[in-house]
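# Descriptive analysis of the structure
Each chain, written out:
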Amino acid sequence: MWKEFKAFALKGNVLDLAIAVVIGAAFGKIVTSLVSDIIMPIVGLITGGIDLKDRALSVMVMHNELLIPYGQFLQAVVDFFIISFSIFMVIKLANKFQRKEAVKVEVVETPAPAEDIVLLTEIRDLLKQQERGL
């Protein structure tokens, strides 16, 4: 069983996934800080100091007050869109660099066709010319 686990754990895909999770968690902390410490204060300044986290709906149900903090949900939605956009931009940038590298690699000369292929191509072209002439 230990050998099977070792083979599984040391596969490239599992290690890549583990690295991606760690980097993703760190990236999530950076983006969360970006949203809460930089973007939301600017949004609050633009909107006149509105803080979404403090928004709540108070509903009376059978003589009991029910507090629904919908502002936290709205804040989570805003965070999601900002994080999604940030990830989109990072992936777009990474793809741009990969395409440049791929273009450099694609400049490979194709070998000359075999001699029999060249002869067959010439015969085909001659037959086409004869058909047009008839």
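Remember, it's a predicted structure, so these values are computed and weren't measured experimentally.

## Some words on unusual backbone geometry
One non-glycine residue, methionine 62, lies in the positive phi region at around 50 degrees. Examined against the element boundaries, methionine 62 turns out to sit in the loop between strand E1 (57-61) and strand E2 (64-68). Taking the relative accessible area as the measure of exposure, methionine 62 reaches 75% and is therefore exposed. The phi dihedral of histidine 63 falls on the positive side, at around 65 degrees, and the residue is not glycine. Relative to the helices and strands, histidine 63 is located in the loop between E1 and E2. You can call histidine 63 exposed: its relative accessible area is 78%.

## Observations concerning the UniProt feature "transmembrane region" (unreviewed entry) in the chain
In the UniProt entry, the feature "transmembrane region" (unreviewed entry) is given for residues 12-31 and 70-91. Taken end to end, residues 70-91 is 100% helix and 0% strand, and its two terminal C-alpha atoms sit 32 Å from one another.

## Brief notes about the side chain of glutamine 75
With respect to the helices and strands, the residue glutamine 75 is situated in helix H3 (residues 70-105). When its relative accessible area of 5% is taken as the criterion, glutamine 75 is described as buried. With near-sequence residues (within four places) excluded, glutamine 75 lies in contact with Val35, Met40, Leu52 and Lys53.

## Side note on the pattern of salt bridges
A full pass over the atoms with the stated rule returns one salt bridge. Notably, a salt bridge pairs aspartate 125 with arginine 124, separated by 3.2 Å at the nearest N-O pair. Accessibility expressed as a relative area gives 34% for aspartate 125, which makes it partly exposed. The exposure class assigned to arginine 124 is partly exposed, which follows from its relative accessible area of 43%.

Conventions adopted
- Residues numbered from 1 in each chain as written.
- Predicted model: local features only at pLDDT ≥ 70, side-chain atom pairs only at ≥ 80, totals over all residues.
- Heavy atoms only, no water.
- Helix = DSSP H or I, 4+ residues; strand = E, 2+ residues; numbered from the N terminus.
- Buried < 20%, exposed > 50% of the residue type's maximum accessible area, 1.4 Å probe, protein only.
- UniProt positions renumbered as here; feature names shortened; annotations may be inferred.
- Contact = heavy atoms within 4.5 Å.
- Salt bridge = Lys/Arg side-chain N within 4 Å of Asp/Glu carboxyl O.

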